[in-house]
Amino acid sequence: MPEAVIVDVIRTPIGRRRGALSDVHPVDLLAGVFEQLFARNDIDPAVVDDVLVGCVDQIGDQAANIARNAWLSAGLPESVPAVTLDRQCGSSLQALHFAAQGIMSGAYDVAIAAGVESMTRVPMLSTVTVHGFPMTRRMQERYRMDRWNRSFFDQALGAELIAKEWGLSREALDAFSFESHRRAAAARAKGAFQNEVVPVPVKPAMDGHGPVWFREDEGIRTDTSLEKLAELPAAFPDLSLITAGNASQISDGASAALVMSQETARRYGLPARARFVSFAVVGVSPVTMLTGPIPATRRALERAGLRADDIDLFEINEAFASVVLAWQKEMGVALDRVNVHGGAIALGHPLGATGTRLAATLVNALEQRGGRYGLMAICEGGGMANATVIERIPQ
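The residue numbering used here restarts from 1 in each chain and proceeds along that chain's sequence as written. For a predicted model such as this one, the threshold for reporting local features is a pLDDT of at least 70, and the threshold for listing and counting side-chain atom pairs is 80 or more; totals across whole chains, interfaces and linings nevertheless cover every residue. In computing side-chain values, all of the structure's heavy atoms are included and hydrogens and water are not.

Draft legend 1. Main features of the nonpolar core. Definition used in this section: a nonpolar core is a set of buried Ala, Val, Leu, Ile, Met, Phe, Trp, Tyr and Cys residues joined via side-chain atoms within 4.5 Å. A 1.4 Å probe rolled over the protein chains alone gives each residue an accessible area, and that area as a share of the maximum for its type sets the label: buried under 20%, exposed over 50%, partly exposed in between. Judged by nonpolar contacts, the single largest core of 53 residues is most densely connected at F314 and L375. Those elements giving two or more residues to this core turn out to be α5 (155-165), α6 (170-189), β11 (274-283), α9 (293-304), β12 (313-316), α10 (321-331), β13 (373-380) and β14 (384-392). Those residues within four positions of F314 in sequence are excluded, and the remaining contacts are A308, W327, V333, R337, V338, N339 and L375. Judged by nonpolar contacts, the second largest core, of 41 residues, contains L29, A70, W71 and M260. Think of it this way: any DSSP run of H or I at least four residues long counts as a helix, any run of E at least two long counts as a strand, and we number them from the N terminus. In what follows, a contact means two residues having at least one pair of non-hydrogen atoms within 4.5 Å.

In structure tokens:
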């Protein structure tokens, strides 16, 4: 069976909602990442077998197969097909799974996995008519949603229920969130993101001057403190623990990975940076919704023949602080191996782009620290999660 490897993986800086990327059409945002990927890697884009892109709210500016539109917008070959997929927050991690699995099966030699989301231009849940995940009456009865006076699944409620089930205090959630900002700020200051972040032109060249470029993540708050986080009110009136400060930021961004077989990488003279070891996709209760990284991690480790102690670094998406802390309690992993460069609470969570963003951060962190194995996992709306184990290939 062919071995699937990551040759390169990059991302845009992540923009705040209504921030630096708000005027950039998501098609062009992703197109720019494709352009940068080929600028960094000497390979003819015509050899790409397929382009798989995660995007959650496929409506408006993100409708009509944004994967194909972005590829064409980048001026890339018409002969290369593309598909857009939605596994909620894990969409681009699922794209990465499918790309690698296509190569391992022999169906592909070269594939691109990517993700994009402009949550400014296409607000979250734009494709539904209620503030949450819609349910039929039969689903409402199955999950007894009358207990919470809800007719829909709600992620904030799920995060609150998780915090209470695992005995997580508001202070613990805020402390984790503060640490996410501290780690992200420290990583940026020492240049840890330099090899994963590619700049985005946000204003065209004018009057003989070059374009204005967006180069650094916009959501990192270097001025936050535990005291400021403690002052924030609950995100919704019927919650007590979940606030805007201990939840991921609504963001804009894109990311992409160049994936191929090891043999193909050698043929093109491209160094492989990491190989895929195992994959997992799971379903959990759609009410608490966000506990999926726990069984997904266990399954990915089991399939890899590894233990948690064998993993050097973890990237567990910070949808909410309670998600990562509950995972940590169950897995018994020290937090000094988890999200070492901060996570979505500080960096932001541009839904469809987050999976391959995690891959970019994990590959670079393994290289910088000389680690061998890394695991990434993402909780997903509706009660799902995916996880991936990769192994760094020393250069």
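Structure shown, so let's carry the discussion forward.
Draft legend 2. Spotlight on the pattern of salt bridges. The salt bridge definition used is simple: a Lys or Arg side-chain nitrogen within 4 Å of an Asp or Glu carboxyl oxygen. Taken as a whole and judged by the stated rule, the model has 15 salt bridges. The partner of E3 in a salt bridge is R275, with the nearest N and O atoms 3.8 Å apart. On the criterion of sequence distance, the pair formed by E3 in the segment before β1 (4-11) and R275 in strand β11 is long-range, its members being 272 residues apart. Note that R372 is salt-bridged to E391, the shortest N-O span being 2.7 Å. Placement of the pair is R372 in the loop between α12 (354-369) and β13 and E391 in strand β14, with a sequence separation of 19 residues. On the basis of relative accessible area, E391 is assigned to the buried category, the value being 10%.

Draft legend 3. Fine view of the environment of F314. Position of F314 relative to the elements: it lies in strand β12. We classify F314 as buried; its relative accessible area is 1%. Sequence-wise, F314 and E165 are 149 residues apart; in three dimensions their C-alpha atoms are separated by 23 Å.

Draft legend 4. Examining unusual backbone geometry more closely. The residue R18 is not glycine, and still its phi comes out positive at about 60°. Following the sequence through the fold, R18 ends up in the loop between β2 (15-16) and α1 (26-40). In this model, Q88 sits at a positive phi of 50°, which is unusual for a non-glycine residue. By the element assignment, Q88 lies in the loop between β4 (82-85) and α3 (91-105). Residue classification places Q88 among the buried positions, given a relative accessible area of 17%.

Draft legend 5. Broad picture of the environment of V197. Along the chain, the position of V197 falls in the loop between α6 and β8 (200-203). Along the chain, V197 and I14 lie 183 residues apart, while their C-alpha atoms are 9.1 Å from each other. Here V197 is in contact with R11, T12, P13 and R215, once residues within four sequence places are set aside.

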